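Geometric and topological summary
Listed here are the chains, written in short residue letters.
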Amino acid sequence: MLKIAIQKSGRLYEHSLHLLQECGIEINNGNRQLKSVAFNFPVEVYFLRDDDIPQYVYDGVADAGIVGENIVYEKNKEVDVVSKLGFGRCRLSIAVPKNMNYTSVDDLKDLKIATSYTNLLQNFLNKKNVNAEIHEISGSVEIAPGIGLADAICDLVSSGSTLFTNGLKEAEVILQSEAVLISGKNISAENNAILDKLRLRINAVKAAKNNKYIMLNAPNNQLKKIASVLPGMKSPTIVPLAEEGWSSVQSVVNESDFWDIIEKLKSYGAEGILVVPIEKMIL
Ligand code: ATP
Ligand code: ZN
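Cut-offs and rules
- Residues numbered from 1 in each chain as written.
- Chains lettered and ligands numbered in written order.
- Predicted model: local features only at pLDDT ≥ 70, side-chain atom pairs only at ≥ 80, totals over all residues.
- Heavy atoms only, no water.
- Helix = DSSP H or I, 4+ residues; strand = E, 2+ residues; numbered from the N terminus.
- Rg over C-alpha atoms; globule rule 2.2 N^0.38 Å.
- Buried < 20%, exposed > 50% of the residue type's maximum accessible area, 1.4 Å probe, protein only.
- Donors = N, O, S within 2.8 Å, 3.2 Å for Na, K, Ca; no water.
- Tetrahedral: all angles 85-135°; square planar, octahedral: opposite > 155°, others 65-115°.
- Contact = heavy atoms within 4.5 Å.
- Expected span 1.5 Å × (residues − 1).
- Pairing = 2+ DSSP bridges.
- Axes fitted to C-alpha atoms, helices over the stretch in contact; angles between N-to-C directions.
- Near = heavy atom within 4 Å.
- Polar contact = N/O pair within 3.5 Å; in protein donor to acceptor, adjacent residues only side chain to side chain.
- 1 Å grid on protein atoms, 1.4 Å probe; cavity = no way out; pocket = protein on both sides within 12 Å on 5 of 7 lines; lining within 4 Å.
- Sits in = over half its atoms within 2 Å of the grid points.
- Nonpolar A, V, L, I, M, F, W, Y, C, P; charged D, E, K, R; others polar.
- Domains from an automatic or database assignment.
- Points joined across faces, edges and corners; volume = space filled by probe spheres on them.
- Phe/Tyr/Trp six-rings, centres within 6.5 Å; stacked < 30°, edge-to-face > 60°.
- Lys NZ or Arg CZ within 6 Å of the ring centre and 35° of its normal.

**Looking at the overall build of the protein chain**
Each helix and strand in the protein chain was counted, giving eight helices and 15 strands. Over its C-alpha atoms the protein chain spans a radius of gyration of 24 Å, topping by over 25% the 19 Å that the globule rule assigns to 283 residues. Each of the three principal axes of the protein chain carries a C-alpha extent, and together these read 75 × 50 × 30 Å. The buried share of the protein chain, reckoned over its 283 residues, is 44%.

Put into structure tokens, the structure is as follows:
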């Protein structure tokens, strides 16, 4: 049985459970319990505070966990990052008062910076050769400058609206973060095999999200050109239409080049382009 720790409530909770569900793992009872066994996969889920997850995985209390990279690198426990999960995206940034004339990291010299990420901030300052005072606080970091507790802060940012409403502006990005699956170094062979299965499912879910299935009709004399922009998983499927001189082309395209490809396909004479989501994609 693979024991996997996820956040018990907060920003990663829903996404973590949803990911497990998309992997076909059904868990009952949500976060009312400390732990819960899945019905249909040898997994037991532990619901914990995100800050504690690296330690529990390091100690082997849990075999694996889902947590933000920000926490993994701040806690600096020896655990393996198995895969990036594509949610919980944010960045750890230093922010200064809006009206400060900020031009470079050197402007942070001798400032008092409030943060709960003391290790990551200290590493950053060391790397930049800047000497500043780090003031550790555990929550509501963004109000520290406003109440005179600090000159600047180092905290997680996503849209930046929290900074804005607190009269701050982003000055330096220290770390780009997203949720990751981590595992312990001393995981048993049996649990490692379960983790591999889970990883295969996660990759299938992620690949499906990043790709779309595309179907279109094309005149036969344009097929070569059209096929050249639709590599697909191996190569596109091409089948003749009932109408003479036309074929149906089917393939898989990556979200990131999607619109470029569509424009090219149209310019090559493709018609009736249909795009459908993929539920799972096993490579
Ligand atoms: P816990 O009670 O588990 O300690 P928390 O208050 O520390 O929860 P949350 O605010 O729920 O944590 O954030 C959990 C994680 O979500 C963060 O560590 C980070 O990886 C991610 N995250 C994504 N966007 C943001 C954001 N804008 N602000 C804070 N965290 C974010
Ligand atoms: Zn936390």
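That covers the picture; the talk isn't over yet.
**A few points about the coordination of the zinc ion (ligand 2)**
All of the protein donors around the zinc ion (ligand 2) are Asp-50 (OD) and Asp-51 (OD); their distances to the metal are 1.9 to 2.1 Å. In this structure, the zinc ion (ligand 2) is surrounded by four donor atoms whose angles at the metal cover 74 to 172 degrees, and the resulting shape is irregular. Residue Asp-51 is classed as partly exposed on the basis of its relative accessible area, which comes to 24%.

**Some remarks on the environment of Ser-16**
Positionally, Ser-16 belongs in helix H1 (residues 13–22). Each C-alpha atom, one on Ser-16 and one on Gly-88, is 9.6 Å from the other, the two residues being 72 residues apart in sequence. Sequence-distant contacts of Ser-16, that is, excluding residues within four places in its chain, are made with Ile-6, Ile-66 and Phe-87.

**Topic: helix H6 (residues 189–210)**
With 22 residues, H6 ought to run about 32 Å at 1.5 Å a step, and its terminal C-alpha atoms sit 31 Å apart, in line with that. Residues Asn-191, Ile-194, Leu-195, Leu-198, Ile-202, Ala-204, Val-205, Ala-207 and Ala-208 constitute the buried set of H6.

**Considering the sheet that holds strand E11 (residues 179–183)**
The strand order across the open sheet built from six strands is E2-E3-E1-E4-E11-E5, with neighbouring strands paired in mixed fashion. Edge positions in the open sheet fall to strand E2 (35–37) and strand E5 (80–84), since each of these has one partner strand only. Neighbouring strand axes in the sheet, compared pairwise and without regard to direction, differ in orientation by 25 degrees on average. Both E5 and E11 contribute to a ladder of four bridges, which runs antiparallel. Its bridge partner being in E11, Ser-83 is matched across the sheet by Leu-181.

**Details of the site of ligand 1**
Neighbouring ligand 1 are 16 residues, the closest being Arg-11, Asp-50, Asp-51, Asn-70 and Ser-158. The contact in question runs from an oxygen atom of ligand 1 to an N or O atom on the side chain of Asp-51, over 2.7 Å. Here a nitrogen atom of ligand 1 sits 2.7 Å away from a polar atom, N or O, in the side chain of Ser-158. Judged by the fraction of its atoms near the pocket grid, ligand 1 is located in the largest pocket. Residue composition of the shell around ligand 1, by class: four nonpolar, seven polar and five charged. Counting contributing residues per domain, the shell around ligand 1 is built from domain 1 (2–87 + 178–208) and domain 2 (90–177), each supplying no fewer than three.

**A short note on the layout of surface pockets**
The method is simple in principle: a probe with the dimensions of a water molecule rolls over the atoms, and the space it marks as empty is what remains. Its volume calculated, the largest pocket comes out at about 1,100 Å³. Forming the boundary of the largest pocket are 36 residues, of which Arg-11, Asn-70, Tyr-117, Asp-155 and Leu-156 lie nearest the centre. Mapped onto the lining of the largest pocket, the elements with two or more residues apiece are helix H3 (69–75), strand E9 (152–157) and helix H5 (161–165). Residue composition of the lining of the largest pocket, by class: nine nonpolar, 16 polar and 11 charged. When residues of the lining of the largest pocket are assigned to domains, at least three fall in each of domain 1 (2–87 + 178–208) and domain 2 (90–177). Estimated volume of the second largest pocket: approximately 190 Å³.

**Quick look at the domain arrangement of the protein chain**
When cut into domains, the protein chain gives domain 1 (2–87 + 178–208), domain 2 (90–177) and domain 3 (211–277). The C-alpha-based centres of domain 2 and domain 3 are spaced at 49 Å.

**Brief notes about the packing of aromatic side chains**
Evaluated as defined, the whole model comprises two aromatic pairs. For the ring pair Phe-258 and Trp-259, a centre distance of 5.0 Å and an interplane angle of 80 degrees mean the geometry is edge-to-face. The exposure class of Trp-259 is exposed, given its relative accessible area of 59%. Note that Lys-98 overlies the ring of Phe-164, its terminal NZ or CZ placed 4.0 Å from the centroid.

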